[in-house]
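So the chains spell out like this:
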Amino acid sequence: MRDFILKRVAALLLPFIQMYGLYVILHGHVSPGGSFAGGIVVGLAFIAFTTIYGLERGRAKVPEKVTTLVESYGTLWYGIMGMVGIFKGAPFLANKIAGIDLGELGALSSGGLIGLIGLGVGIRVASTMITLFSTMMEEES
Amino acid sequence: MKLGTLAMLLIFLLAAYVVLVAVAELPPYGMVGNPSHNQVSQRYIENAWEETGVLNMITAIVLDYRAYDTMFETIVLFTAVLAVIITLKTTEREGGGK
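## Structural notes on the pattern of salt bridges
Close approach of charged atoms allows side chains with opposite charge to pair.
Residue and element names in this part refer to chain A.
Thinking step 1. A full pass over the atoms with the stated rule returns three salt bridges over all chains.
Thinking step 2. Across the pair Arg59 and Glu138 runs a salt bridge, and its minimum N-O distance is 3.2 Å. Remark: Glu138 occurs in helix α5 (residues 113–140) and Arg59 occurs in helix α3 (residues 55–61); sequence separation between them is 79 residues.
Thinking step 3. Residue class for Arg59 comes out buried when judged on its relative accessible area of 16%.

What follows is the structure, encoded as structure tokens:
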């Protein structure tokens, strides 16, 4: 699909779709949505880019090295966030019990570790979508 | 009909009967007195915001109360990607080995 109209419309829309996905990830703890849903939106934006502009340009936007790193260290990031509780003398993945400042209710910085964990999970989900799609696309071509 | 088929049919019908009896015993959907409406959901609704400092109760449950579950969910994603890459990835290596 190398249609001119499709390309222009995608070029106009995709930045907003990505911004919206990042917004949903970052505001997962203060507004509806969450890291899984936001990650899917970000991943789908890159998938749409790959379907419209072709696999090579899609791969140039998100190289395989980046997805591999995010895949591996996204899961590790979750574990590191869990270890914060242990270093503070509380159970694994503890948040309030570990004495972390929860901040003002409703603010973007509220919730202690929850925002950071959500960010990791969101980026991870996006990278998973991209990896699955481009691997299958490469198989086809 | 052979005897074996008949016996098999009988066993299937018996199993279906047991399952249907169990389903008939389930409490009606959405009633107030159901066992699923216990103190767990009550506690989440009342205390989630002050125990986690998060407005979105679903995020509070997914990333705080059930953080272990979400952690292994991400590991499930990792395993899924790993399986897809192992089965589908075609990398040409030197030396003819694949």
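## A short note on the nonpolar core
Generally speaking, soluble globular proteins have nonpolar side chains that are buried together.
Thinking step 1. In terms of nonpolar packing, the biggest core is built from 18 residues, with Tyr78, Leu93, Ala98, Leu113, Ile117 and Val121 of chain A together with Leu63 of chain B touching the most fellow members.
Thinking step 2. Where this core is concerned, the elements lending two or more residues are α4 (64–87) and α5 of chain A together with α3 (57–65) and α4 (67–88) of chain B.
Thinking step 3. With five residues, the top contributor of residues to this core is α5 of chain A.
Thinking step 4. Not counting residues up to four positions away in its chain, the partners in contact with Leu93 of chain A are Tyr78, Gly82 and Ile117 of chain A together with Ala67, Tyr68 and Met71 of chain B.

## Section: the side chain of Thr131 of chain A
Thinking step 1. Checked against the element boundaries, Thr131 of chain A lands in helix α5.
Thinking step 2. Here Glu71 of chain A takes part through its side chain, which lies 3.5 Å from a polar atom of the side chain of Thr131 of chain A.
Thinking step 3. Those residues in contact with Thr131 of chain A that lie beyond four places of it in its chain are Thr67 and Glu71 of chain A together with Val81 and Ile85 of chain B.

## As for the interface of chain A and chain B
Note: interface size is frequently given as the accessible area lost on complex formation between the parts.
Thinking step 1. With 37 residues of chain A in contact, the opposing surface of chain B contributes 27 residues.
Thinking step 2. Contact between chain A and chain B buries roughly 2,700 Å² in total, counting both sides, with carbon and sulfur atoms accounting for 70%.
Thinking step 3. Among the residues of chain A in contact with chain B, Tyr78, Leu105 and Ile114 of chain A are the three that bury the most area, contributing 21% of the side total.
Thinking step 4. Our count for the chain A to chain B interface comes out at zero salt bridges.
Thinking step 5. Run the count over chain A and chain B and you get twelve residue pairs in polar contact (both at pLDDT 80 or more).
Thinking step 6. Tallying contributions element by element places α5 of chain A first for the side of chain A that touches chain B, with 13 residues.
Thinking step 7. Split into classes, the residues belonging to the side of chain A that touches chain B amount to 14 nonpolar, 16 polar and seven charged.

## So, α4 of chain A
Since there are 3.6 residues in each turn of an α-helix, residues three or four apart along the chain are aligned in direction.
Thinking step 1. Compared with the 34 Å implied by 1.5 Å per residue over 24 residues, the 34 Å span of α4 of chain A between its first and last C-alpha is a close match.
Thinking step 2. When the local axis directions of α4 of chain A are compared, the greatest deviation, roughly 25°, occurs at Tyr73 of chain A.
Thinking step 3. Buried within α4 of chain A we find Thr67, Glu71, Gly74, Thr75, Tyr78, Gly79, Met81, Gly82 and Gly85 of chain A.
Thinking step 4. Check the buried side of α4 of chain A and you find it contacts α3 and α5 of chain A together with α3 and α4 of chain B.

## Re the environment of Ile114 of chain A
Thinking step 1. Of note, Ile114 of chain A is situated in helix α5.
Thinking step 2. Its relative accessible area of 2% is what places Ile114 of chain A among the buried residues.
Thinking step 3. In sequence terms Ile114 of chain A and Val9 of chain A are 105 residues apart; their C-alpha atoms lie 36 Å from each other.
Thinking step 4. Setting aside its immediate chain neighbours within four residues, Ile114 of chain A contacts His29 and Asn95 of chain A together with Thr52, Val54, Thr59, Leu63 and Asp64 of chain B.

Each value, and the rule that gives it
- Residues numbered from 1 in each chain as written.
- Chains lettered and ligands numbered in written order.
- Predicted model: local features only at pLDDT ≥ 70, side-chain atom pairs only at ≥ 80, totals over all residues.
- Heavy atoms only, no water.
- Salt bridge = Lys/Arg side-chain N within 4 Å of Asp/Glu carboxyl O.
- Helix = DSSP H or I, 4+ residues; strand = E, 2+ residues; numbered from the N terminus.
- Buried < 20%, exposed > 50% of the residue type's maximum accessible area, 1.4 Å probe, protein only.
- Core = buried A, V, L, I, M, F, W, Y, C linked by side-chain atoms within 4.5 Å.
- Contact = heavy atoms within 4.5 Å.
- Polar contact = N/O pair within 3.5 Å; in protein donor to acceptor, adjacent residues only side chain to side chain.
- Buried area = accessible area lost by both parts, 1.4 Å probe.
- Nonpolar A, V, L, I, M, F, W, Y, C, P; charged D, E, K, R; others polar.
- Expected span 1.5 Å × (residues − 1).
- Bend = angle between axes of the 7 residues up to and from the residue.

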